[in-house]
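Okay, here's what each chain looks like letter by letter:
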Amino acid sequence: KQEVTQIPAALSVPEGENLVLNCSFTDSAIYNLQWFRQDPGKGLTSLLLIQSSQREQTSGRLNASLDKSSGRSTLYIAASQPGDSATYLCAVSPMNYGGSQGNLIFGKGTKLSVKP
Amino acid sequence: DAGITQSPRHKVTETGTPVTLRCHQTENHRYMYWYRQDPGHGLRLIHYSYGVKDTDKGEVSDGYSVSRSKTEDFLLTLESATSSQTSVYFCAISRDGPYGYTFGSGTRLTVV
């Protein structure tokens, strides 16, 4: 059974710092991996999607990497801002038999606080 | 997200009453999902649909049923609500191919 773990559970950093959020998964047979952001009381906003054949994806100050063989992904946030404060969720879609996309499995998230 | 809406946004109901949550999409995506989010558990899959009238159970399906009579609508019904079903419910959509999921804004359900 696929399990997704995110460490740390919470992180507090001063504004301007570069930071890395970690995600690990137990089964390397994944279809893709997606990073989401969730603000308090709100829904999930997709940040980056990495296909199983890709090593990384970038969007603005965000960079996500994927190492399937070791079961790890990292989300790198450059020059953090107070507006980056939110919970960041990592989720994987397992590879189903026949090569189709499986249902998304989530980690419990990392709560990020960026202090001015 | 503008292409997926959930209703109601908030609901308070009494134990033992039936409750139906609605998810509506305008993207014509094949797959639709219901998740619940609880502190300490994260997001867990309740039920999903892979087409009209085609549904299957997820990890935490006990006490829930679903229906999908049209591509755009996916209904989640709590047969007889219990306090353990107090949660935030999220609907999501996806399509075939290398695309991710899109989530709705959520429904906060309180069972008293």
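Reading the values: the criteria
Residues numbered from 1 in each chain as written. Chains lettered and ligands numbered in written order. Predicted model: local features only at pLDDT ≥ 70, side-chain atom pairs only at ≥ 80, totals over all residues. Heavy atoms only, no water. Helix = DSSP H or I, 4+ residues; strand = E, 2+ residues; numbered from the N terminus. Rg over C-alpha atoms; globule rule 2.2 N^0.38 Å. Buried < 20%, exposed > 50% of the residue type's maximum accessible area, 1.4 Å probe, protein only. Contact = heavy atoms within 4.5 Å. Areas by Shrake-Rupley, 256 points an atom, 1.4 Å probe, with all protein chains shown as cover. Buried area = accessible area lost by both parts, 1.4 Å probe. Polar contact = N/O pair within 3.5 Å; in protein donor to acceptor, adjacent residues only side chain to side chain. Nonpolar A, V, L, I, M, F, W, Y, C, P; charged D, E, K, R; others polar. 1 Å grid on protein atoms, 1.4 Å probe; cavity = no way out; pocket = protein on both sides within 12 Å on 5 of 7 lines; lining within 4 Å. Points joined across faces, edges and corners; volume = space filled by probe spheres on them. Pairing = 2+ DSSP bridges. Axes fitted to C-alpha atoms, helices over the stretch in contact; angles between N-to-C directions.

Colleague: So what's going on with the overall build of chain B? Which residues, and what values?
Modeller: Scanning chain B from terminus to terminus reveals zero helices and 11 strands. Overall, chain B shows an N-to-C arrangement of helices and strands of β-β-β-β-β-β-β-β-β-β-β. Rg of the C-alpha trace for chain B: 13 Å, near the compact-globule value of 13 Å for 112 residues, within the 12% margin. Structurally, chain B occupies a C-alpha span of about 40 × 25 × 25 Å along its principal axes. By residue count, 47% of the 112 residues in chain B fall in the buried class. At a minimum sequence separation of 6, the contacts of chain B that also span at least 24 residues come to 54%. Total accessible area computed for chain B in this model is approximately 5200 Å², and 48% of it derives from carbon and sulfur atoms.

Colleague: Before we move on, could you go through the interface of chain B and chain A and cite the residues and values that matter?
Modeller: Between chain B and chain A, the contact holds 21 residues from the first and 21 residues from the second. For the chain B and chain A pair, buried surface summed over both sides reaches about 1400 Å², with 51% attributable to carbon and sulfur atoms. Between the two partners, chain B and chain A, sit five residue pairs in polar contact (both at pLDDT 80 or more). Sorting the residues of the side of chain B that touches chain A by element identifies β4 (31-38) and β5 (42-51) of chain B as the ones contributing at least two each. Counting residues per element, the side of chain B that touches chain A draws most heavily on β5(B), at four residues. Residues that form the side of chain B that touches chain A fall into these classes: 10 nonpolar, eight polar and three charged.

Colleague: Give me the lowdown on unusual backbone geometry, citing residues and values where you can.
Modeller: Cis peptide bonds are those with omega within 30 degrees of zero, and the linkage from A:Ile7 to A:Pro8 qualifies with 0 degrees. Looking at where A:Pro8 falls in the secondary structure, it is placed in the loop between β1 (4-7) and β2 (10-14). The omega angle of the peptide bond from B:Ser7 to B:Pro8 is -5 degrees, so this bond is cis rather than trans. Turning to its location among the elements, B:Pro8 is positioned in the loop between β1 (4-7) and β2 (10-13). Phi angles above zero are rare outside glycine, and B:Lys53 is one such case at about 70 degrees. For B:Lys53, the position within the fold is in the loop between β5 and β6 (54-57). A relative accessible area of 65% means that B:Lys53 is categorised as exposed.

Colleague: Account for the layout of surface pockets, with residues named and values stated.
Modeller: Size it by volume and the largest pocket reaches roughly 660 Å³. For the lining of the largest pocket, the secondary-structure elements that each account for two or more residues are β9 (86-94) and β11 (110-115) of chain A together with β4, β9 (87-94) and β11 (107-111) of chain B. By residue class, the composition of the lining of the largest pocket is nine nonpolar, 16 polar and seven charged. Here the second largest pocket defines a volume of roughly 450 Å³. The wall of the second largest pocket is formed by 20 residues, among which A:Lys1, A:Gln2, A:Ile105, B:Leu43 and B:Glu59 lie closest to the centre. The class makeup of the residues in the lining of the second largest pocket is eight nonpolar, six polar and six charged.

Colleague: Explain the sheet that holds strand β8 (residues 73-78) of chain B to me, and be specific about the residues and the numbers.
Modeller: Residue and element names in this part refer to chain B. As summarised here, the arrangement of the four strands in space is β1-β3-β8-β7, forming an open sheet in which the pairing is antiparallel. Pairing within the sheet leaves two strands with one partner each, and these edge strands are β1 and β7 (64-70). For this sheet, the mean inter-axis angle between neighbouring strands, taken without regard to orientation, is 20 degrees. In this sheet, β8 lies alongside β7 in antiparallel orientation, the contact comprising five bridges. Note that in β8 the partner of Tyr-64 across the bridge is Leu-78.

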